[in-house]
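Structure at a glance
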Amino acid sequence: MNILRTPPAFGALVFFAITFSLGAYFTFAAVQGDFGVFRRAEITVESQHLAEELRQVRAEVDRMENLTTRLSDDYLDLDLLDQQARDVLGLMRTDEITVR
């Protein structure tokens, strides 16, 4: 029995090379591309940092609004007014002693 073996067709080899190349490209793009897994992880971490920064800024705004309200004409906090007069204007009462 004489069986002749013929090499695979060149077209099949090209087809598999192109198919493998496309599969490798799409796999790479799915992992490291602009919309890939790694970019999604970066965006998640960045959104967590931004949410924490937003929380801190909102707390600062709330504190500033509280101080502004306490210094308004409708609500006057005498302790805060006294503290601001001492800090900003350098005032002190006549019965106090200054130690430097």
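Our subject is the structure that appears above.
Here, residues in each chain are numbered from 1, in the same order as that chain's written sequence. In keeping with the model being predicted, local features are shown solely for residues with a pLDDT of at least 70 and side-chain atom pairs are shown and tallied solely at 80 or more, while totals for entire chains, interfaces and linings include all residues. Where side-chain values are given, they derive from all heavy atoms of the structure, hydrogens and water being excluded.

1. Focus: the overall build of the chain
Numbered from the N terminus, helices here are DSSP runs of H or I no shorter than four residues, and strands are runs of E no shorter than two. Each helix and strand counted, the chain has three helices and zero strands in total. What you see in the chain, going N to C, is helices and strands ordered as α-α-α. Against the globule reference of 13 Å for 100 residues, the chain gives a C-alpha radius of gyration of 36 Å, more extended than a compact globule. Its C-alpha atoms give the chain principal-axis dimensions of roughly 125 × 35 × 20 Å. The 100 residues of the chain split such that 4% are buried. The charged-residue count follows a simple rule in which Lys and Arg add positive charge and Asp and Glu add negative charge, with His and chain termini not counted at all. Here the site of a charge means atom NZ of a Lys, CZ of an Arg, CG of an Asp or CD of a Glu. Taken together, the 10 basic and 16 acidic charged side chains of the chain have centroids lying 11 Å from each other. Put simply, the radius of gyration uses C-alpha atoms, and a globule should come to 2.2 Å times the residue count raised to 0.38. Throughout, exposure labels follow a simple rule: accessible area from a 1.4 Å probe, protein chains only, divided by the maximum for the residue type, with under 20% read as buried, over 50% as exposed, and the rest as partly exposed.

2. Re the pattern of salt bridges
Basic side-chain nitrogens of Lys or Arg form a salt bridge, by our definition, when they fall within 4 Å of a carboxyl oxygen of Asp or Glu. The final tally for this structure, using the stated rule, is four salt bridges. When the shortest N-O distance is used, the salt bridge between R39 and E42 registers 3.2 Å. One end of the pair, R39, and the other, E42, are both in helix α2 (residues 37-70), three residues apart, so they sit about a helical turn from each other. The partner of E52 in a salt bridge is R55, and the shortest N-O contact between them spans 2.7 Å. Of this pair, E52 and R55 both sit in helix α2, three residues apart, roughly one helical turn.

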